[in-house]
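Commentary on secondary and tertiary structure
The chain contents come next:
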Amino acid sequence: MSAEKTLDILDLFDFDTRALNVPQIAEKLGQPQSSVYRHLRLLKEKGYIMESANGYYSLGYRFLKLAKIVRLDMNITAIAQPVMRQLTKETEETSILLVYSNMQAVCLETIASHQPIKVSSEQGQIVPLYGGASSKALLAFLAEEIVEELYGKGFVRKHTEQTITDLAVMKQNLAEIREKGYAFSDGEIDEGVVSYGVPIHDSDQQVVASLSIAGPRGRMLEKDEKELVAHLMAAAESIQRYL
């Protein structure tokens, strides 16, 4: 079954063409009706297509979920940027915005301090989900099955001596993050970098991103942890108001 032919069916729908039956789809694509039925069956099973009682097909509700994800990824960066600039100004450290994607984390935005440091979390970069405060602030609120798959299928590797490579140790660490409401990392991915991270929730109270600050170990450990975390949580709350 050709994926291209299946996608061709979805491309037939637009604002002017909201519903089509099998003969219409077959005619538009120049495909046999039997082939169209097979493609529609798959799309229907996956929730991409709905069938009405009169035999017409329209786009399914699964697209609402996908649209929400795309809209969120586009909007959250615009919403977060001014908040992150203020956070970096207040803490004098680099602020980082991450989202979860397919067993990894993706950095949507980074606002560097006037004393920049080299970190793995740079805008557009894919980073490990199992290390660093930004990533752990996401991982702590994902399904436990994801955590187990991460460790069970060889995704985890040692970046520094501080990387958590033991599943039981990670589960304990994630439980502490959920209890405290924030994550801490001391050189787990980038040697000599300390970071604090908090989750960002949407209006349904689902964790959709994480916000963190990172800086050189010596400078970060000289600062008041409670004050840094308070700045982080206030910034996260500011972003959440618009999600």
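Above: the structure in question.
Described below are features of the structure shown in this document.

About the thresholds
Residues numbered from 1 in each chain as written. Predicted model: local features only at pLDDT ≥ 70, side-chain atom pairs only at ≥ 80, totals over all residues. Heavy atoms only, no water. Helix = DSSP H or I, 4+ residues; strand = E, 2+ residues; numbered from the N terminus. Rg over C-alpha atoms; globule rule 2.2 N^0.38 Å. Buried < 20%, exposed > 50% of the residue type's maximum accessible area, 1.4 Å probe, protein only. Contact = heavy atoms within 4.5 Å. Axes fitted to C-alpha atoms, helices over the stretch in contact; angles between N-to-C directions. Parallel < 35°, antiparallel > 145°, perpendicular 65-115°, else oblique. Salt bridge = Lys/Arg side-chain N within 4 Å of Asp/Glu carboxyl O. Pairing = 2+ DSSP bridges.

Right, let's get into the overall build of the chain. From N to C terminus, the chain includes nine helices and eight strands. For the chain, the C-alpha radius of gyration of 22 Å lies well beyond 18 Å, the compact-globule estimate for 243 residues. Across its three principal directions, the C-alpha atoms of the chain cover 70 × 40 × 30 Å. Evaluated residue by residue, the chain yields a buried proportion of 43% over its 243 residues. By sequence separation, contacts in the chain at least 24 residues apart represent 54% of the contacts at least 6 residues apart.

For the rest of this paragraph, the subject is the packing of helix α2 (residues 22-29) against helix α3 (residues 33-45). Running from N to C, α2 and α3 point in directions that differ by 110°, and their axes come no closer than 9 Å. When the interaxial angle is binned, α2 and α3 end up roughly perpendicular. Judged by residue contacts, Val 22, Pro 23, Ile 25 and Ala 26 of α2 engage Gln 33, Val 36, Tyr 37 and Leu 40 from α3.

To continue, consider the pattern of salt bridges. For the coordinates displayed, the defined rule picks out eight salt bridges. Among the salt bridges present, the one from Asp 186 reaches Arg 217, with a minimum N-O distance of 2.9 Å. Taken together, the residues Asp 186 in strand β6 (residues 183-186) and Arg 217 in helix α8 (residues 217-222) connect sequence positions 31 residues apart. In this structure Arg 217 comes out as partly exposed when scored by relative accessible area, which is 41%.

In this section: unusual backbone geometry. We note that Glu 92 has phi near 60°; this positive angle belongs to a residue other than glycine. Looking at the secondary structure, you find Glu 92 in the loop between α4 (62-91) and β3 (94-101). With relative accessibility at 40%, the residue Glu 92 sits in the partly exposed group. For Asn 102, which is not glycine, the phi dihedral falls at a positive 50°. With respect to the helices, strands and loops of the structure, Asn 102 is situated in the loop between β3 and β4 (104-111).

A word on the pairing of strand β8 (residues 207-216). For β8, the tally of buried residues reaches eight of 10 residues, placing the bulk of the element in the interior. Of the pairings in the sheet, the one linking β3 to β8 comprises five bridges and is antiparallel in character. If you follow Thr 94 over to β8, its bridge partner there is Ala 214. In this structure, strand β7 (residues 193-201) lies alongside β8, joined through nine bridges in antiparallel fashion. Paired with Ile 200 across the two strands is Ala 209, which belongs to β8. Between β7 and β8, which pair antiparallel in sequence order, lie five residues; one of them, Gln 205, sits at a positive phi of approximately 65°.

Turning our attention to the sheet that holds β3. With antiparallel pairing, the six strands of this open sheet are ordered in space as β5-β4-β3-β8-β7-β6. Of all the strands in the sheet, just β5 (126-127) and β6 have a single pairing partner and so form its edges. Across two bridges, β4 lies against β5 in antiparallel orientation. Opposite Val 106, over in β5, you have Ile 126 as the bridge partner. Contacting β7 and β8, helix α9 (residues 225-240) runs over the sheet at an angle of about 30° to β7.

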